[in-house]
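An overview of the molecular structure
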Amino acid sequence: MLKKIAKIAGIVLIVLIAAAIILPIAFKGKILNIAKTEINNNLNATVDFKDIDISLFRRFPRLAVGLESLQVVGKDNFAKDTLISAKQIDLALNLMSLFSGNQMKIYSVTIDQPRIHAIIDKEGKANWDITLPDTATVESESSFNIQLKKYTINDGYISYNDWEGDMSSEIFHLNHSGSGDFTADLFTLKTSTSAESVSFTYSKIPYLVNAKAALDADIQVDNREDKYSFKTEDIALNDLKLAADGYFQFVNDTTYGMDIRFNAPSTEFKTLLSLIPAIYKNDFAKIKTSGKAVFNGFVKGEYNDVKIPAYQINLKVEDGFFQYPDLPQPVQNIAIDLKVDNPDGITDNTVIDIAKGHIEFGKDPFDFNLLLKKPVTDQYIDASLKGRLNLAQVTQFVKLSDDTRLSGILDADATAKGNIAVIAQQKPGPFSANGFINISGLNYSSKDFPQPIRNTNIQIKLDNPDGIADHTIIHIPAAHLEVGNNPIDFHVLVKNPATVLSFDGKAAGKFDLATAAQFTDFEPGTSLSGLLSADIAFKGN
């Protein structure tokens, strides 16, 4: 009897193993045809993949179907841009759907090493808008039936460039997973996210630079309203922990609604200090710190092509102090009072107010303040800067990367008040500026600057004797800088900036255009090379 049972079990095992080997081969053509048909019927893009890998073992008891070396390349304006590439996209399907018609049920999706390049061009066109319009008069049933329970992204990369909105972001080594009953109208989506590096820039201002990020959140999904609500205290940016709650909603195809509030539960200055990359990446755990910090804000309203949500960011630091144990001097008495406020989503109503800024490098103080209003129209500014810093001594306070070299003197005592549009656009209004900014003996090199900045001396003099905008004088008497081996010399005198702009100057030197990439980011696909030589004088109105 036992021999008979063992014989039957052996036969069943052999049949199962044979089926596991034969079925993927037998149905590979059917799955390949369905995949290509679905892609061609739904996407206006060039889609290619190397092969389909089918296995009964990888997602048992589901059938695993993997698209290997997937690439999705745009068309028309984005014909040279790869939207998505991935080492493999792995689907878990219902095995029995292979035998019951042409519809396959998808239960999970795993994406390995995806690289996503999302672009909005200067005309507002998005490269991910690649779905074909539905022209069918009768709704047809897709060959894939989504009954998703789980999805995973392993070691992803995301680049986002909004050239119209002057916004960009970059994420390296992204790992993300989500699970829930996606077929339900209401369900909880359990998510876990981490990334080794996150950067975000808006209007040329870097708000995040190479920050390590993590986020765990249970999201309440309402598929009927396309609304995603959440509340979590498990957000981390480097050493800074954040709590957030609110919702995000797809109002329609072009409009997103949101109401999100965030704050940092901890008031320790060190958590905020961790957002400075040069400090966080060099023995951050050993740094001695003290001081208090408050950080909070909100985003509320709708985002689309014509408007943005209202938002506010508040940051306050009192008695900030930090010192590396193996460096001789501290950075101390740090005080910052910053508020960024936009009450209605109209960009011109944004107010940036740094009511107080103070920092001491050893015993050398540096003070600054800034009030910026009407950034689109009047461009009102009320700012001051005063202090002296020996850049060669920075290494006594902060650890720089081994390949960084820095020296020179920064000396400033300057004020500016009024509408910048008076000078930039010759609009009527108040403006005055007084003081000086001197940079002497500046030398800088690092891995990001293979052509170093050397022997740089620039003096900027600002003078306005009576507060009348047109009486402002901007004078750069003699400036010299070297980028690599190419020197540039210039001087300029600007008068009457509010009426008939008067200028008198001269510039001579050389510049290797290839080094421009050290100072700015180009649009994807853009390259620049050549040598610019000039010796010009200019004078007039």
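Structural notes, computed from the coordinates. Keep in mind the model is a prediction, meaning the values are calculated, not measured.

Our focus in this paragraph is the packing of aromatic side chains. Going through the model one piece at a time under the given rule, you end up with 15 aromatic pairs. The interplanar angle of 70 degrees and the centroid separation of 5.9 Å between the aromatic rings of tyrosine 151 and phenylalanine 182 together place this pair among those described as edge-to-face. One end of the pair, tyrosine 151, is in strand E7 (residues 144–162); the other, phenylalanine 182, is in the loop between strand E8 (167–179) and strand E9 (186–202), with 31 residues separating them in the sequence. Classification of phenylalanine 182 as partly exposed rests on a relative accessible area of 25%.

Let us look at the environment of threonine 232. Along the chain, threonine 232 turns up in strand E11 (residues 227–237). When the C-alpha positions of threonine 232 and leucine 215 are compared, they lie 8.6 Å apart, and in sequence the two are 17 residues distant. Residues in contact with threonine 232, not counting those within four places in the same chain, are Leu215, Asp216, Ala217, Leu242, Ala243 and Ala244. Within the structure, threonine 232 has its side chain in polar contact with the backbone oxygen of aspartate 216 (distance 2.7 Å).

Our focus in this paragraph is empty space enclosed by the protein. Throughout the structure, instances matching the rule amount to one cavity of 30 Å³ or more. Forming the boundary of the largest cavity are Leu240, Ala264, Ser266, Glu268, Thr271, Leu272, Ala293, Val294 and Phe295. Take the lining of the largest cavity: its biggest share by element is three residues, from strand E14 (residues 288–303). Residues that form the lining of the largest cavity fall into these classes: six nonpolar, two polar and one charged.

Summed over all chains, the structure comprises seven salt bridges. Residue lysine 190 is joined to aspartate 218 by a salt bridge in which the shortest nitrogen-to-oxygen separation is 3.4 Å. On the criterion of sequence distance, the pair formed by lysine 190 in strand E9 and aspartate 218 in strand E10 (residues 205–222) is long-range, its members being 28 residues apart. The class of lysine 190 is partly exposed, set by a relative accessible area of 47%. For the salt bridge of aspartate 283 with lysine 399, the shortest nitrogen-to-oxygen distance reads 2.6 Å. In this pair, aspartate 283 is assigned in the loop between helix H3 (277–280) and E14 and lysine 399 in the loop between strand E19 (380–390) and strand E20 (405–419), connecting sequence segments 116 residues apart. For aspartate 283, a relative accessible area of 34% puts it in the partly exposed group. Each of Asp283, Asp326 and Lys399 takes part in a single network of salt bridges with overlapping partners.

Analysis parameters
- Residue positions are given per chain, counting from 1 as you read along its sequence in written order.
- pLDDT decides what is reported in this predicted model: residues at 70 or higher carry local features, side-chain atom pairs at 80 or more are listed and counted, and totals for whole chains, interfaces and linings draw on all residues regardless.
- The side-chain quantities take in all heavy atoms of the structure and omit both hydrogens and water.
- Aromatic contacts are taken between Phe, Tyr and Trp rings whose centres are within 6.5 Å, Trp giving its six-membered ring; a plane angle under 30 degrees counts as stacked, one over 60 as edge-to-face, and the others as tilted.
- Here a strand is any run of E in DSSP of at least two residues, a helix any run of H or I of at least four, and the numbering for each starts at the N terminus.
- Only protein chains enter the accessibility calculation, which uses a 1.4 Å probe; a residue is then buried when its area is under 20% of its type maximum, exposed when over 50%, and partly exposed in between.
- Any two residues whose heavy atoms approach within 4.5 Å are treated as being in contact.
- For the purposes of these results, a polar contact is taken to be a pair of N or O atoms within 3.5 Å, where, inside protein, one atom must be able to donate a hydrogen and its partner to accept one; residues adjacent in sequence count only when each atom of the pair is a side-chain atom.
- Here a cavity means grid points, on a 1 Å grid over the protein atoms only, where a 1.4 Å probe fits yet cannot get out; a pocket means an open set of points with protein on both sides within 12 Å along at least five of seven lines; lining residues are those with an atom within 4 Å of a point.
- Grid points are joined across faces, edges and corners, and a volume is the space filled by probe spheres set on the points.
- Under the scheme applied, nonpolar residues are Ala, Val, Leu, Ile, Met, Phe, Trp, Tyr, Cys and Pro; charged residues are Asp, Glu, Lys and Arg; polar residues are all the others, including Gly.
- Salt bridges are defined as contacts in which a side-chain nitrogen from Lys or Arg sits within 4 Å of a carboxyl oxygen from Asp or Glu.

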